[in-house]
There are 2 protein chains.
Amino acid sequence: MIRILLADDEHLIRGAMAALLSLEDDLEVVAQAATGAEAIATARVVRPDVAVIDLQMPDLDGVAVAQSLAVELPTCSTMIVTSHGRPGHLKRALAAGVRGFLPKTVSSDVLATVVRTVHTGGRYVDPALAAEAISAGDSPLTPREADVLELALEGAPIEEIARRASLSPGTVRNYLSSAVGKTGASNRHEAARFARAKGWI
Amino acid sequence: MIRILLADDEHLIRGAMAALLSLEDDLEVVAQAATGAEAIATARVVRPDVAVIDLQMPDLDGVAVAQSLAVELPTCSTMIVTSHGRPGHLKRALAAGVRGFLPKTVSSDVLATVVRTVHTGGRYVDPALAAEAISAGDSPLTPREADVLELALEGAPIEEIARRASLSPGTVRNYLSSAVGKTGASNRHEAARFARAKGWI
DNA sequence: AGTTCCCCATGACAGATGTCATGACTCTCG
DNA sequence: CGAGAGTCATGACATCTGTCATGGGGAACT
């Protein structure tokens, strides 16, 4: 019997997934959590075999949870399910030791299969997401450029970005200009959206 | 027995919700759809009592589906479930004749209860979303301002917005300036994000 | 030691953007 | 009808942004 921890902030989804996984004879949902912190705390106690974590949760990112679990419970395999699969997340997740990465568009059969796969030490990444990640390529942005571009995401004026990044406005403009060039965008806002879509920030 | 049509592009969620609803004795999921168009086509054939529609789907918006169903199948009550509850959607949904509006954070009990409520002609809107919608207030933007601001959302330069809206660049700048003033933002990008958050565009 | 890349900054310039004044046309409402 | 509001446009002005040249300092690699 594979003991599963399920974490998703959407109560409905979580309950439904639990119901669905429980239909399988060899799977058992032994704990549920609605936040990242809760997931970690619960995992410490119940020590599940597999943790199925939603990528987007109010507090801790699914990847952050996976990172903690990898350290604290090396015997527990972590897999992530997500609604919006951006390439960057996949890379970060794999780097954090996640063994399975699925969009929520897969069928329940696949989910159950992947739970078994990761439990036996295998890995599984959704082919479509993998292809997207490969096509997105590596980020051409330097760390600083990425920082600044991320602050630009909310549409703040350069003055504010400079303050928040503790840089001179001129430097911010240089970084942004460079980022705009690298992304092929026509202004920083477009560049920021593009980089976000690629998972670079 | 209440006959239900379930539409959600996320296969996993849809299957899970179906499993969950089927646990109830008086509910029966008679059809499922992965897109808006599919939902409408299927509904025409199976004529369900209640349609449970996800707000965000690849093709047609959940609200658009609700609108079609209200016309074609007046006997079918429509309710919408969503992950990201923005106030504007709620208003649009109610205007489209939707009888129930829920975030996916609710428990399955609530879902089942609301299905029964809307089936008997009642209405149900999640209290938290309702409060948010009220606090967001009505949009101060004129229709044209909203149009233009929406085009600005992607970060396009004014030149392109003007082309896409078939307006002169000067006019676009006037609308945007007005919108920026009304939202209290410091530039159009911030204004666009703000308006989006409020559900105005 | 030299090269290369990143970080940070400044200054200058052109073009994009935000703001304001102004005006014509249309529609609605009292 | 007149008032008010929305739509569309133009012109002028100040400011913001994007781009480019330039330079010092540090880290990494050859």
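Values in this document were obtained by computation on a predicted structure and should not be read as measured data. (Residues numbered from 1 in each chain as written. Chains lettered and ligands numbered in written order. Predicted model: local features only at pLDDT ≥ 70, side-chain atom pairs only at ≥ 80, totals over all residues. Heavy atoms only, no water.)

Engineer: Can you walk me through the relation of the copies chain B and chain A in this structure?
Structural biologist: Mapping between the two chain copies consists of a rotation about an axis together with a translation along that axis. If you rotate chain B by 180 degrees and push it 0.0 Å along the axis, it lands on chain A with an RMSD of 0.3 Å. The two molecules are tied by a two-fold rotation axis, judged by turn and shift. No C-alpha of chain B lies nearer the rotation axis than that of B:A16, which sits 2.3 Å from it. Of the residues that chain B buries at the interface, 100% are likewise interface residues in chain A, meaning the two copies contact each other through the same surface. (Least-squares fit on C-alpha atoms with pLDDT ≥ 70 in both. Contact = heavy atoms within 4.5 Å.)

Engineer: How should the pairing of strand β3 (residues 50-54) of chain B be read in this particular structure?
Structural biologist: Regular strands place side chains that alternate from one sheet face to the opposite one. Residue and element names in this part refer to chain B. With five of its five residues buried, β3 lies for the most part within the structure. Of the two faces of β3, the one carrying V50, V52 and D54 and the one carrying A51 and I53 are both buried. Pairing between β3 and strand β4 (residues 77-82): five bridges, direction parallel. Along β4, the bridge assignment pairs V50 with S77. Assessed by its sense of winding, the connection that carries the chain from β3 through helix α3 (residues 62-72) to β4 is right-handed. (Buried < 20%, exposed > 50% of the residue type's maximum accessible area, 1.4 Å probe, protein only. Helix = DSSP H or I, 4+ residues; strand = E, 2+ residues; numbered from the N terminus. Pairing = 2+ DSSP bridges. Right-handed = clockwise from strand over helix to strand, strands pointing away.)

Engineer: Just to check I follow, could you spell out the domain arrangement of chain A for this structure?
Structural biologist: Size of an interface, as often reported, equals the accessible area lost when the parts are brought together. Each assigned domain of chain A is listed with its residue range as follows: domain 1 (2-136) and domain 2 (143-198). Inter-centroid distance (C-alpha atoms) of domain 1 of chain A to domain 2 of chain A is 32 Å. (Domains from an automatic or database assignment.)

Engineer: Help me understand the packing of aromatic side chains, please; the structure alone is not making it clear to me.
Structural biologist: As enumerated under the stated definition, the model contains two aromatic pairs over all chains in all. Relative to A:W200, the ring of A:F194 lies with its centre 5.8 Å away and its plane at 75 degrees, an arrangement referred to as edge-to-face. (Phe/Tyr/Trp six-rings, centres within 6.5 Å; stacked < 30°, edge-to-face > 60°.)

Engineer: I keep staring at the interface of chain B and chain A and nothing clicks. Help me out?
Structural biologist: Taken together, the 27 residues of chain B in the interface contact 27 residues of chain A. The largest per-residue losses of area from chain B upon contact with chain A belong to B:E10, B:L12 and B:R193, which jointly make up 24% of the total buried on that side. Put simply, chain B and chain A have zero salt bridges between them. Across the chain B-chain A interface, the total number found is 14 residue pairs in polar contact (both at pLDDT 80 or more). Partitioned by chemical class, the residues of the side of chain B that touches chain A number ten nonpolar, eleven polar and six charged. (Buried area = accessible area lost by both parts, 1.4 Å probe. Salt bridge = Lys/Arg side-chain N within 4 Å of Asp/Glu carboxyl O. Polar contact = N/O pair within 3.5 Å; in protein donor to acceptor, adjacent residues only side chain to side chain. Nonpolar A, V, L, I, M, F, W, Y, C, P; charged D, E, K, R; others polar.)

Engineer: Is there a simple way to think about the protein's contact with DNA strand D in this case?
Structural biologist: Around DNA strand D, a shell composed of 18 residues is seen, among which A:R173, B:T142, B:R144, B:S168 and B:Y175 lie nearest. Of what DNA strand D places within 4 Å of the protein, 53% of the atoms are sugar or phosphate. Take B:T171: an N or O atom from its side chain is 3.3 Å from a phosphate oxygen of DNA strand D. Within the side chain of B:N174, an N or O atom sits 2.9 Å from a base oxygen of DNA strand D. Secondary-structure elements contributing two or more residues to the surface near DNA strand D are α9 (169-183) of chain A together with α7 (143-152) and α9 (169-183) of chain B. Counting residues per element, the surface near DNA strand D draws most heavily on α9(B), which supplies five residues. Residues of the surface near DNA strand D, tallied by class, amount to six nonpolar, eight polar and four charged. (Near = heavy atom within 4 Å.)

Engineer: Mind showing me how you'd approach the side chain of B:E10 here?
Structural biologist: Within the secondary structure, B:E10 is located in the loop between β1 (2-7) and α1 (11-22). When neighbours within four sequence positions are excluded, B:E10 is seen to be in contact with A:S83, A:K104, A:T105 and B:K104.

Engineer: Sorry if this is basic, but what is going on with the packing of α7(B) against helix α8 (residues 158-165) of chain B here?
Structural biologist: Think of two packed helices as two axes; the pair is described by the angle between the axes and how far apart they sit. Residue and element names in this part refer to chain B. Between α7 and α8, the least distance of the axes is 9 Å, while the angle of their chain directions is 130 degrees. Classed by the angle they form, the pair α7 and α8 counts as oblique. Pair α7 / α8 crosses with right-handed handedness. Of α8, the residues touching α7 (which contributes R144, V148, L151 and A152) are I161, R164 and A165. A per-class count over the contact of α7 with α8 returns five nonpolar, no polar and two charged. (Axes fitted to C-alpha atoms, helices over the stretch in contact; angles between N-to-C directions. Parallel < 35°, antiparallel > 145°, perpendicular 65-115°, else oblique. Left-handed = near helix turned anticlockwise from the far one by under 90°.)

Engineer: Before we go on, may I ask you to explain the pattern of salt bridges in this structure?
Structural biologist: When the charged atoms of two side chains with opposite charge come close together, those side chains can pair. Residue and element names in this part refer to chain A. The final tally for this structure, using the stated rule, is 23 salt bridges over all chains. A salt bridge links E154 to R164, with the shortest nitrogen-to-oxygen separation between them at 3.0 Å. Highlighted residues: E154 in the loop between α7 (143-152) and α8 (158-165) and R164 in helix α8, separated in sequence by ten residues. Judged by relative accessible area, which is 42%, E154 ranks as partly exposed.

Engineer: What should I look at first to understand the sheet that holds strand β5 (residues 100-103) of chain B in this one?
Structural biologist: Whenever strands of a sheet pair, they do so through backbone hydrogen bonds, lying parallel or antiparallel. All names here are of chain B. Spatially, six strands are ordered β2-β1-β3-β4-β5-β6 in an open sheet, and the strand pairing comes out parallel. Unpaired on one side and paired on the other, β2 (27-33) and β6 (124-125) mark the two borders of the sheet. Here β4 runs beside β5; their pairing, made up of four bridges, is parallel. Within the sheet, the bridge partner assigned to M79 lies in β5 and is G100. Set on the sheet, α1 makes contact with β1, β2, β3 and β4; between it and β2 the angle comes to about 165 degrees.

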